[in-house]
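Structure assessment
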Amino acid sequence: MFSARAAKLVTLGVVVAGTLIAETKKEYHFSVGAKAGISVNNPYGSISVKPSLNNTVVVDAVLHSDKVEVDNNQTGNRVDIQSHLLPGADADSGRVDYEIWVPADASITLHCSDGSLRAEKLHGDVTLEGAGAAVDVRDVSDGHVHVRTMNGAVNLDNIQNGHVEVNSLSGDVTMRSVTGPLVQVVSTSGRINYIGDFGNSGEYRLTSHSGDIEATIPEWTSADVSARSVRGEVHDDIPLQPKTHTWFPLDKGRAFAGTMGRVAMSSTVILRTFSGKIHLRKRPEKQ
Amino acid sequence: MNCVELQQSLANTEDASTAEQRAHVKGCPACAALVKELNVIVAAAGELREADEPSPRVWNSIEAALRQEGLIRPAPHPLEPSFSGRWGAFGWLVPAMAMLLIALGIYLRREQAPRELAHQPTLATSAAAADLSDDDFLQEIAANTPTMKVQYEENLRRVNESIREAEGLVRESPYDGEARQSLLDAYQQKSMLFEMAMDRPLP
């Protein structure tokens with residue numbers, strides 16, 4: 001019995017050691033100038049991007065097997081990183097996890113089929129795309145944010161002063177404190193949840209064909225709001241100055257349109273769904 | 001010989017004098033009109049030269065004035081024959097050929113423009129294309145992992161349903177701009193789905 005137990009422990013130890021040995025860590029450094037462009041194409045695994053303290057791009061990559069290698073290339077102010085799958089690679093053996101530090105003004109393009117994409121504290125343009133990748137972007141200002149995903153959940157937090165465009169087929173989209181001249185979300189069946197105040201200018205267009213749309217805003221928001229659900233319902237918890245003339249029918253329970261707050265400085269908010277529900281909620285004051 | 005071949009052959013024999021050209025022009029009113037127009041241009045080019053040619057006295061007066069001002073120097077020994085020396089009495093052929101080629105180009109461009117416009121994607125064309133490519137899409141995703149394959153299929157089903165519903169809405173309210181926008185959004189979502197499927201990683 002002792003020998004059987006020992007054999008099991010030894011076997012376990014060998015497997016763990018083997019796994020650790022199979023993992024390879026690689027590190028790359030690139031010197032870039034202002035407003036550099038960095039692109040990462042990683043079919044399987046995670047990519048996390050944070051700001052660096054100087055004009056250096058640092059790439060830490062953990063390769064999960066020898067069935068994948070990292071191709072890297074710098075052309076001028078542009079750095080390209082590619083996870084190159086070798087014959088026999090699959091979603092597990094082809095996995096690479098990246099942690100990348102870039103100058104805050106760099107523009108990044110991240111592509112991942114299955115994994116996660118994360119970017120934070122940047123001022124350049126952020127483009128994230130992945131069929132099944134979960135997307136998380138936070139604390140980005142003065143740059144445009146573009147997200148395309150099939151069913152990965154999208155989370156945007158504290159995005160200011162840039163264009164935000166999200167296309168999600170079925171992934172849910174959650175936005176907290178997202179404001180800018182243009183915020184546009186289009187989804188086929190994903191839910192859209194907005195928590196914020198819509199800034200004091202800009203156009204906010206949230207559209208989901210069959211997913212629900214929920215906007216939770218403070219009472220002091222200044223906005224020109226219109227909501228329409230062709231086959232679903234709309235609910236409005238905040239008193240609006242109703243508009244009597246719109247270019248779509250204001251069927252009770254299916255559409256509403258009105259203004260709130262100061263008309264002189266207000267955003268345009270357009271909420272549309274074919275068969276989902278739209279709910280304009282009032283944010284509790286102490287949130 | 002078809003219309004395109006005739007038009008290309010006119011660059012070599014602009015009067016459509018070959019047997020093949022004559023046979024085509026005889027049976028094609030459009031090409032017959034083109035050849036007639038080109039012949040008019042060629043004839044007009046010759047007449048223009050003869051009408052505007054000044055008398056020799058004018059050239060002599062100009063030459064004398066230029067010599068007086070020291071602007072005319074003794075001509076260097078030519079390494080090549082001059083233009084007029086090379087072409088002689090047929091020097092007018094060059095501008096005439098240039099005008100012929102320009103007219104041919106304009107005619108061909110006008111013929112091509114309606115075909116190009118016909119090929120610009122319309123909402124209807126996009127709709128037909130979206131439906132026809134589903135089999136290709138399913139073939140493309142077959143190589144994915146079983147989990148991803150199921151997710152792609154489910155998203156295809158959802159986006160097709162959204163297209164059908166949006167199309168129904170446009171049919172009910174053809175003048176509703178938002179209905180049309182929702183249909184366009186649905187097509188774009190499907191297009192994005194296809195792009196993602198085509199972009200799958202390859203070992």
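Since this is a predicted model, take the numbers as computed values, not measurements.

Section: the overall build of chain A
Per the secondary structure count, chain A includes 1 helix and 25 strands. Projecting the C-alpha coordinates of chain A onto the three principal axes gives extents of approximately 80 × 55 × 35 Å. Out of the 287 residues in chain A, the part that is buried amounts to 44%.

Focus on the domain arrangement of chain A
On domain assignment, one finds that chain A holds domain 1 (23-123) and domain 2 (153-287). For domain 1 of chain A versus domain 2 of chain A, the distance between C-alpha centres works out to 34 Å.

Remarks on the pairing of strand 16 (residues 182-187) of chain A
Remark: a regular strand shows side chains that alternate across the two faces of the sheet. All names here are of chain A. Relative to strand 16, strand 14 (residues 163-168) is paired through 6 bridges, and the arrangement is parallel. When the bridges of strand 16 are listed, Val166 appears paired with Val185. As defined by bridge partners, strand 16 adjoins strand 18 (residues 203-208) across 6 bridges and the pair is classed as parallel. Pairing of Leu182 across the sheet is with Glu203, part of strand 18.

Notes on the interface of chain A and chain B
Between chain A and chain B, the residue contacts involve 28 residues of the former and 23 residues of the latter. Looking at side-chain class alone, the side of chain A that touches chain B contains 13 nonpolar, 12 polar and 3 charged residues.

Quick look at the packing of helix 9 (residues 146-172) of chain B against helix 10 (residues 177-198) of chain B
All names here are of chain B. The interhelical angle for the contact between helix 9 and helix 10, taken along N-to-C directions, is 160°, at an axis separation of 8 Å. Classified by the interaxial angle, the pair formed by helix 9 and helix 10 is roughly antiparallel. By crossing handedness, the relation of helix 9 to helix 10 is classed as left-handed. Residues Tyr152, Asn155, Leu156, Val159, Ser162, Ile163, Ala166, Glu167, Leu169 and Val170 of helix 9 lie in contact with helix 10, whose contacting residues are Ala179, Arg180, Ser182, Leu183, Ala186, Tyr187, Gln189, Lys190, Leu193 and Ala197. When the residues that make up the contact of helix 9 with helix 10 are grouped by side-chain class, the tally is 13 nonpolar, 4 polar and 3 charged.

Comments concerning the sheet that holds strand 17 (residues 192-195) of chain A
Residues and elements named next belong to chain A. The strand order across the open sheet built from 12 strands is 1-4-7-3-9-11-13-15-17-19-25-21, with neighbouring strands paired in mixed fashion. The sheet is open, and its two borders are formed by strand 1 (24-31) and strand 21 (234-236), each paired with just one other strand. Here the average twist between neighbouring strands, direction ignored, is 10°. Pairing analysis gives 6 bridges linking strand 11 (residues 134-141) to strand 13 (residues 154-160), with the strands arranged parallel.

Regarding helix 9 of chain B
Compared with the 39 Å implied by 1.5 Å per residue over 27 residues, the 39 Å span of helix 9 of chain B between its first and last C-alpha is a close match. Among all positions in helix 9 of chain B, only Met148(B), Gln151(B), Tyr152(B), Asn155(B), Arg158(B), Val159(B), Ser162(B), Ile163(B) and Ala166(B) are buried.

Some words on unusual backbone geometry
All names here are of chain A. Backbone geometry places Lys35, a non-glycine residue, at a positive phi of 50°. Within the secondary structure, Lys35 sits in the loop between strand 1 and strand 2 (37-41). Positive phi, normally seen in glycine, also occurs at Lys121, with a value near 55°. Looking at where Lys121 falls in the secondary structure, it is placed in the loop between strand 9 (114-120) and strand 10 (126-130).

Some words on the environment of Ala186(B)
Turning to its location among the elements, Ala186(B) is positioned in helix 10. Among residues more than four places away in sequence, those in contact with Ala186(B) are His209(A), Val159(B), Ser162(B), Ile163(B) and Ala166(B).

A closer look at the confidence of the model for chain B
Residue and element names in this part refer to chain B. When pLDDT is averaged across chain B, the result is 73; 56% of the residues are at 70 or more. Throughout residues 113-130 the model reports pLDDT below 50, and contacts reaching past four residues in sequence, or to other chains, amount to 6 contacts. Across the assembled chains, the prediction reports ipTM 0.85 with pTM 0.70.

Considering the packing of helix 8 (residues 134-141) of chain B against helix 10 of chain B
All names here are of chain B. Two elements in contact, helix 8 and helix 10, have axes whose closest approach is 9 Å; the angle formed by their N-to-C orientations is 35°. Here helix 8 and helix 10 pass one another in a crossing that is left-handed. Between helix 8 and helix 10, the contacting residues are Phe137, Glu140 and Ile141 on the first element and Phe194, Ala197 and Met198 on the second. Looking at side-chain class alone, the contact of helix 8 with helix 10 contains 5 nonpolar, no polar and 1 charged residues.

Digging into the pairing of strand 4 (residues 56-63) of chain A
Residue and element names in this part refer to chain A. In strand 4, alternate side chains face the same way, and those of Val57, Val59, Ala61 and Leu63 are buried while those of Thr56, Val58, Asp60 and Val62 on the opposite face are not. Pairing between strand 1 and strand 4: 8 bridges, direction antiparallel. In the sheet register, Lys25 faces strand 4, and the bridge partner there is Val62. Here strand 4 runs beside strand 7 (residues 96-102); their pairing, made up of 6 bridges, is antiparallel. When the sheet's bridge partners are listed, Val62 is paired in strand 7 with Asp97.

Cut-offs and rules
- Residues numbered from 1 in each chain as written.
- Chains lettered and ligands numbered in written order.
- Predicted model: local features only at pLDDT ≥ 70, side-chain atom pairs only at ≥ 80, totals over all residues.
- Helix = DSSP H or I, 4+ residues; strand = E, 2+ residues; numbered from the N terminus.
- Buried ≥ 20, exposed ≤ 12 C-beta atoms within 10 Å, placed from the backbone.
- Domains from an automatic or database assignment.
- Pairing = 2+ DSSP bridges.
- Contact = placed C-beta atoms within 7 Å.
- Nonpolar A, V, L, I, M, F, W, Y, C, P; charged D, E, K, R; others polar.
- Axes fitted to C-alpha atoms, helices over the stretch in contact; angles between N-to-C directions.
- Parallel < 35°, antiparallel > 145°, perpendicular 65-115°, else oblique.
- Left-handed = near helix turned anticlockwise from the far one by under 90°.
- Expected span 1.5 Å × (residues − 1).
- pLDDT = per-residue confidence, 0-100.

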